[in-house]
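Read off the chains here:
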Amino acid sequence: MRLLPLRTISSRFLTTGNKAQLLLAKKANCGLSANFESYKSVLQRCVVEKSITKTRAVHNHMKQTGFPHLSLGNKLIDAYLNCGSVDEARQVFDDMIHPHVVSWNSLMSAYIRLKRSQDAVSLYRKIFMVSILPDEFTFSSIFKAFSDLKLVNGGRATHGHLVVLGLEGSNMFMSSALVDMYAKFGMMQEALFTYEAISVKDVVLATALIVGYTQNGEDLKALGIFEEMVNCGIKANDFTFASVLIACGNLENLSFGRLIHGLTLRSGFHSRIAPATSLISMYSKCLLVEDSLKIFNEIVNPNTVAWTAMIGCLLHSHREEEALQFLLSMIRSSVKPNAFTLSTALRGCATLALFELVKQIHASAMKLGLETNRYICATLIDSYGKSGHVGIARMVFDSLAFPDLVSVNSLIYGYAQDGDGMEAIRLFYMIKGLGIEPNNATYVNVLSACSNSGMLEEGHQVFSFLVADHKPGPSTDLYACMVDLLGRAGRLHEAAELIARVQKPDKILWRTLLGACKIHGEVSMAKWAADKVLELDPGDDATYILLSNVYASLGQWKEVTSLKCLMRERKLKKDPAVSWIHVNQEIHTFMAGDMSHAKSELIYEELKELVEKTKDLGYVPDTRFVLQDMDEFEKERSLLYHSEKLAVTYGVLSNSGKMTLSLIPNPKQ
DNA sequence: GCTCGTATCG
């Protein structure tokens, strides 16, 4: 057997002068066993250098020279895996008659790293057929594959194998993986049992259990384990802090959150990205945006997750414009948004009804290949609907391979807002066919669609569906929807009877009835409903306004005045209503009677014209609800000042060309 | 070999 070419590969593929080369040169002519050692060290070199070309070259050289390359199969597998070529590693593995358990383990963990959990599980299942026994390394990686694939039974059976082999409780890594798997399955009983089977615990094991509790909504228990861990003298790491802070946020337990914040500062983990991100979200949930901002500003290089958390935090505190500014800053600093970022940002667009921005984010999502993500789709449907384009929302919905409940609910809401009650109802009956169970939000949306479209009969039908469906009976807010539907249709007594059927009517329910009384000028029932609301919440400013509207509509100005006095006494002030419109990428905000806009004069002039035109078309101003005691002419005028009318008029003006002369010329045009 | 932070609907 000629083995001379070894010298060739050593000079071609290894850096000159290294040890492996010398070794090869020395042993080049000493027979097969010497070559075994030589190949072994060359392969070792390949493992370290992670060079796929070298590995392939050595592999080919072995085959060409007729060297029994499979005698070094485990090393070859190792080399290929280290170069990232799991399929070539698998090829070698399949050619081998008795791969060592280490090779089985390496391949399985490589598959799991590459998110090819199915391949890992298939491989695991083969191991028993070749009478090789899995070891603690096998178990510490394979459980992750079962949890990725949500194979509950397979995971439990594998736990069984471990017990049969007498490995239960023998290895920390294994138990941590097992705790993690059970936690991901939501089987916290089993997770706790596994945790307790280990007598001397470590930080990873404890953290796995803490994470499990927070992810399963058992935040108090998570804090309990953290305390236990601290008491045992186990030092928390960044993973631990990240999760414990989430638990504090979910519980809105600020004092504990601050305490943990202090601990992260003391241990230096506050500068790690994950705990810092959790701090942002903890303060966000406790509504301390300034604290979140402070944490965020201290992060040196915020990544996508940190940016996303901060955007979500601003939205949580209803600071939508700022949130969207943050999205822009993020993109400007070249941090790539992901599905989390875009679905979060879309929530802000939905609230502000920013159609243009929704389209832009939609386009970004497509560029990033995220247009099938269910969160993105659901928020797109929601935000297209809320910005007045339910047709596009429907197109997104129809593009879904598997529509889910949230996207259905969002679309129904879109139709409700669009006044298309029929389409909302149609969707409601359609999802039954898709096997989707409606939830509370579905019913709320469908009923408000019926309400907005005056579809009393259809609403009744949906409600009876609901009564039959829900074992404990519809929730109070669903009764409120039905009260609204009946009330608007003028069936006030039926609405009142419905409230009587509710165990503990809340203020929303009574206020809904009050709103209906307002529409139909039912003063005595209005007074009754208002008293009920104020019994439950004397500070409910909307109720005073509603009731005084009812009095005003009947000309009972004495009552209106006394209600106003009462509000002043109780130091109540209703926030003025605001309307806004998005024109030329700018938001213009208006309040009733607002003169602060630069184009106010033009706007009022145009509005007067518009109203005259609509009167010609048959519009009769409904002046019943104007608060002040004034004559008809004045009432009409005060209706003109309504914020929504001002905003719409500004929009009309902007598109009419009437304003171009007075605008500062745009250099881009 | 094991553990982490960001997301959708009334």
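Just so it is clear, the model here is predicted, and its values are computed rather than measured.

Student: Which parts of the structure should I look at to understand the side chain of Thr512?
Tutor: Note on placement: Thr512 falls in helix 31 (residues 507–520). Note on Thr512: relative accessible area 16%, which makes it buried.

Student: In this structure, what is going on with the state of the cysteines? I would like to understand it.
Tutor: Linking two cysteines covalently via their sulfur atoms produces the bond known as a disulfide. On inspection of all chains with the given rule, the structure shows 0 disulfides. There is no disulfide at Cys83, and the cysteine sulfur nearest it, in Cys46, is 6.8 Å away.

Student: Explanation requested: helix 16 (residues 254–267) in the structure shown.
Tutor: For the α-helix, the turn length of 3.6 residues means that residues three or four positions removed from each other point alike. Over its 14 residues, helix 16 extends 20 Å from the first C-alpha to the last, a length consistent with the 20 Å expected when each residue adds 1.5 Å. Listing the buried residues of helix 16 in full gives Gly257, Ile260, His261 and Thr264. Along the axis of helix 16, the buried positions cluster into a sector of 110°, meaning they face one direction only. Structural note: helix 16 exposes Ser255 and Arg266 on the side pointing more than 90 degrees away from its buried face. Backbone geometry just downstream of helix 16 places Gly268 in the positive-phi region, at approximately 80°.

Student: Help me understand the pattern of salt bridges, please; the structure alone is not making it clear to me.
Tutor: Side chains that differ in sign of charge can pair as their charged atoms come close. The final tally for this structure, using the stated rule, is 26 salt bridges. Between Lys221 and Glu218 there is a salt bridge; the shortest N-O distance is 2.9 Å. Here Lys359 makes a salt bridge to Glu356, at a shortest N to O gap of 3.5 Å. A residue pair is termed a helical-turn pair when its members lie 3 or 4 positions apart in one helix, as Lys359 and Glu356 do in helix 22 (residues 355–367) at 3 residues. With relative accessibility at 35%, the residue Lys359 sits in the partly exposed group. Accessibility expressed as a relative area gives 40% for Glu356, which makes it partly exposed. If you follow the salt bridges from partner to partner, you end up with Arg394, Asp398, Glu423 and Arg426 in one network.

Student: Where do I start with a nonpolar patch on the surface in this structure?
Tutor: Where nonpolar side chains cluster on the molecular surface, the patch consists of Val578, Trp580 and Met591 and spans about 260 Å² of accessible area. For Met591, the location among the structural elements is in strand 2 (residues 586–591).

Student: Explanation requested: the environment of Ile392 in the structure shown.
Tutor: Note that Ile392 resides in helix 24 (residues 390–398). Considering only alpha carbons, one finds Ile392 and Leu380, 12 residues apart in sequence, at a separation of 9.1 Å. When near neighbours in sequence (up to four residues on either side) are disregarded, Ile392 contacts Phe355 and Tyr384.

Conventions and cut-offs
- Residues numbered from 1 in each chain as written.
- Chains lettered and ligands numbered in written order.
- Predicted model: local features only at pLDDT ≥ 70, side-chain atom pairs only at ≥ 80, totals over all residues.
- Heavy atoms only, no water.
- Helix = DSSP H or I, 4+ residues; strand = E, 2+ residues; numbered from the N terminus.
- Buried < 20%, exposed > 50% of the residue type's maximum accessible area, 1.4 Å probe, protein only.
- Disulfide = S-S within 2.5 Å.
- Expected span 1.5 Å × (residues − 1).
- Arc of directions from axis to C-beta.
- Salt bridge = Lys/Arg side-chain N within 4 Å of Asp/Glu carboxyl O.
- Patch = residues over 30% accessible without salt bridge, like charges linked within 9 Å, V, L, I, M, F, W, Y side chains within 5 Å.
- Areas by Shrake-Rupley, 256 points an atom, 1.4 Å probe, with all protein chains shown as cover.
- Contact = heavy atoms within 4.5 Å.

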